[in-house]
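Structural description and commentary
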Amino acid sequence: MSAGRGDKAANHSVARTLAVVVGAPLVAFAVGAAVMAFLPVSGPWAFALGFHVVLPVWVGLACTLPLARDGRVAWGVCLAVVVPVAVALAVRGPR
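Since the model is a prediction, treat every value here as computed from it, not as a measurement.

Helices and strands together make up the secondary structure of the chain, namely four helices and zero strands. Ordered by position from N to C terminus, the α and β elements of the chain give α-α-α-α. Within the chain, buried positions represent 24% of all 95 residues. Counting only contacts in the chain whose residues sit at least 6 apart along the sequence, the fraction spanning at least 24 positions is 76%. Carbon and sulfur atoms form 74% of the exposed surface of the chain, whose accessible area is close to 6400 Å².

Here it is as structure tokens:
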């Protein structure tokens with residue numbers, strides 16, 4: 001393995017790291033909120049299912065976002081999930 005390639009693999013950018021630390025939890029909580037809001041079940045069941053969706057999404061993103069090519073791609077993945085979910089929740093409105 002060349003020295004340049006090994007250095008690049010070990011050197012995570014600040015933007016990619018921030019996407020993992022800040023973006024992944026925000027995406028996970030947004031997805032959990034969307035699951036709670038759009039499930040056709042009663043309140044306690046919707047809360048329980050939405051609550052239990054957060055952790056797998058968070059861990060999945062925390063494991064995959066560091067593999068992104070750079071920080072822009074990592075933040076792009078976060079925004080590609082959060083923006084449609086936020087728009088859907090805003091259009092739905094409070095119940």
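So, next bit.
Looking now at the nonpolar core. Core analysis: the largest hydrophobic core is formed by ten residues, namely Ala-19, Val-20, Ala-24, Val-27, Val-31, Leu-61, Leu-65, Ala-68, Ala-74 and Cys-78. Looking at this core, the elements that each hand over two or more residues are helix H2 (14-38) and helix H4 (71-92). Looking at this core element by element, the count peaks at five residues for H2. The contacts of Val-20, once residues within four sequence positions are left out, are Pro-25, Ala-62, Leu-65 and Pro-66.

What follows is about H4. Since one α-helical turn is 3.6 residues long, residues separated by three or four positions face the same way. Here H4 spans 31 Å end to end across 22 residues, near enough to the 32 Å set by a 1.5 Å rise per residue. For H4, every residue scored as buried is listed here: Gly-71, Ala-74, Cys-78 and Val-85. Contacts made by the buried residues of H4 are with H2.

Attention now goes to a nonpolar patch on the surface. Nonpolar side chains collect at one region of the surface, where Val-14, Leu-18, Val-21, Val-22 and Leu-26 lie side by side and expose about 460 Å² of accessible area between them. Take Val-14: it is sitting in helix H2. Under the relative-accessibility criterion, Val-14 is labelled exposed at 65%.

Tracing the chain through its elements places Arg-92 in helix H4. Along the primary structure Arg-92 and Ala-37 are separated by 55 residues, whereas in three dimensions their C-alpha atoms are 8.6 Å apart. Side-chain polar atoms of Arg-92 contact the backbone oxygen of Ala-37, separated by 3.2 Å.

In the numbering used here, UniProt assigns the feature "transmembrane region" (unreviewed entry) to residues 18-39, 46-67 and 73-91. Secondary structure content for residues 46-67 is 86% helix and 0% strand, and the end C-alpha separation is 32 Å. Helix and strand shares over residues 73-91 are 100% and 0% respectively, and the end C-alpha atoms of the span are 27 Å apart.

Conventions and cut-offs
- Residues numbered from 1 in each chain as written.
- Predicted model: local features only at pLDDT ≥ 70, side-chain atom pairs only at ≥ 80, totals over all residues.
- Heavy atoms only, no water.
- Helix = DSSP H or I, 4+ residues; strand = E, 2+ residues; numbered from the N terminus.
- Buried < 20%, exposed > 50% of the residue type's maximum accessible area, 1.4 Å probe, protein only.
- Contact = heavy atoms within 4.5 Å.
- Areas by Shrake-Rupley, 256 points an atom, 1.4 Å probe, with all protein chains shown as cover.
- Core = buried A, V, L, I, M, F, W, Y, C linked by side-chain atoms within 4.5 Å.
- Expected span 1.5 Å × (residues − 1).
- Patch = residues over 30% accessible without salt bridge, like charges linked within 9 Å, V, L, I, M, F, W, Y side chains within 5 Å.
- Salt bridge = Lys/Arg side-chain N within 4 Å of Asp/Glu carboxyl O.
- Polar contact = N/O pair within 3.5 Å; in protein donor to acceptor, adjacent residues only side chain to side chain.
- UniProt positions renumbered as here; feature names shortened; annotations may be inferred.

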